[in-house]
Amino acid sequence: MQMNTTSNLTHPPLHKELLKVHDQLARRNNLSTDLIAASALVEKDFGSACIAAIATLGGLHAPLEQTMYLLLVEDSVQIADNIISSGLRVPGWGSSFAKDHSDPLFDILDSKLSRIDDELYCKIVSITNLLLNKTKKRLFPNAACYTAACCIINDIDPRVALKTLVQGRIEAWSEIYLQNYKSRLP
């Protein structure tokens, strides 16, 4: 897969909407944003605060690369089924913000994705339906899923997909950092 830069995206309006969503997500109470604020409170420099925030990503919080690889394989629904059967979490589904329903913050992205890439969108819907039918929780696509899907459509390599999340959140992070920075020096 050839890496893409922001200047030659396949679907720039989709990317722009994704960045807008990430700006809004960064303003919610979440682990990466909490570390930006906490770093500011202890007077760490902004670069260190961003490193701390980025270090929280992957695994359970924003597993972009894992979600992209899941969505890129042909048998993604079967793999998701295997993950569920193993008692593990399917990367890209579930939210601490929207319980028992899809997060309305993703409505525009969802609509755009359904029109741009029917095959990818059908995978997302199929995995969502699988989760709704096989688990006790009502789990829906989250930021990792939508970011992964947008990166796939825009030919962004999974190894650098994190850049998209950072692009969308950096402005909010800088504002949050400045709001929480209280210098103890006279």
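Residue numbers run consecutively from 1 along every chain, following the written order of its sequence. Totals for whole chains, interfaces and linings use every residue, but because this is a predicted model, local features are given only for residues with pLDDT of at least 70 and side-chain atom pairs only at 80 or more, for both listing and counting. Think of the side-chain values as coming from all heavy atoms in the structure, minus any hydrogens and water.

1. Observations concerning the overall build of the protein
Line of reasoning, step 1. Counting from the N terminus, the helices are DSSP H or I runs at least four residues long and the strands are E runs at least two residues long. Across its full length, the protein carries nine helices and zero strands.
Line of reasoning, step 2. Ordering the α and β elements of the protein from the N terminus gives α-α-α-α-α-α-α-α-α.
Line of reasoning, step 3. Every radius of gyration here is taken over C-alpha atoms, with the globule rule written as 2.2 Å times N^0.38, N being the number of residues. Over its C-alpha atoms the protein spans a radius of gyration of 17 Å, differing by no more than 12% from the 16 Å that the globule rule assigns to 186 residues.
Line of reasoning, step 4. Overall, the C-alpha framework of the protein stretches about 60 × 40 × 25 Å when taken along its three principal axes.
Line of reasoning, step 5. Only protein chains enter the accessibility calculation, which uses a 1.4 Å probe; a residue is then buried when its area is under 20% of its type maximum, exposed when over 50%, and partly exposed in between. Expressed as a percentage of the 186 residues in the protein, the buried residues total 44%.
Line of reasoning, step 6. In what follows, a contact means two residues having at least one pair of non-hydrogen atoms within 4.5 Å. Of the contacts formed within the protein by residues at least 6 apart in sequence, a portion of 82% connects residues at least 24 apart.
Line of reasoning, step 7. Per-residue and other accessible areas follow the Shrake-Rupley method at a 1.4 Å probe size, with only the shown protein chains counted as cover for residues. Summed over its atoms, the accessible surface of the protein is roughly 9,800 Å², and 55% of this surface lies on carbon and sulfur atoms.
Line of reasoning, step 8. When charges are counted, neither His nor the chain ends are considered; positive counts come from Lys and Arg and negative counts from Asp and Glu. Lysine's charge is taken at NZ, arginine's at CZ, aspartate's at CG and glutamate's at CD. Placing the 19 positive and 20 negative side-chain charges of the protein at their respective mean positions leaves the two points 6 Å apart.

2. Quick notes on the packing of helix α1 (residues 12-26) against helix α6 (residues 107-116)
Line of reasoning, step 1. Axes, fitted as lines to C-alpha atoms, cover a helix only where it is in contact. Angles between the N-to-C directions of the axes lie from 0 to 180 degrees. Put simply, α1 and α6 touch, their axes get as near as 10 Å, and they point 155° apart. If you check the angle between α1 and α6, you find them roughly antiparallel. At the point where α1 passes α6, the crossing takes the left-handed sense. Along the contact surface, α1 presents Leu14, Glu17, Leu18 and Val21, while α6 presents Ile108, Leu109, Lys112, Leu113 and Ile116.
Line of reasoning, step 2. Under the scheme applied here, ten amino acids are nonpolar (Ala, Val, Leu, Ile, Met, Phe, Trp, Tyr, Cys and Pro), four are charged (Asp, Glu, Lys and Arg), and all others, including Gly, are polar. In terms of residue class, the contact of α1 with α6 is made up of seven nonpolar, no polar and two charged. Angular relationships are summarised with four words: roughly parallel below 35 degrees, roughly antiparallel beyond 145, roughly perpendicular across 65 to 115, and oblique for the angles in between. By the definition used in this description, the sense in which the near helix is turned from the far one sets the handedness, with an anticlockwise turn below a right angle giving left-handed and a clockwise turn giving right-handed.

3. A few points about the nonpolar core
Line of reasoning, step 1. By nonpolar core is meant a set of buried Ala, Val, Leu, Ile, Met, Phe, Trp, Tyr and Cys residues that side-chain atoms within 4.5 Å join together. Within the largest apolar cluster, 51 residues are counted, with the highest numbers of intra-cluster contacts made by Ile36, Leu71, Val90, Trp93, Leu109, Leu113 and Ile127.
Line of reasoning, step 2. Of the residues forming this core, the biggest block, 10 residues, is contributed by helix α8 (residues 143-153).
Line of reasoning, step 3. In this structure Ile127 touches Leu70, Leu71, Ser76, Val77, Ala80, Val90 and Trp93, once residues within four positions along its chain are discounted.

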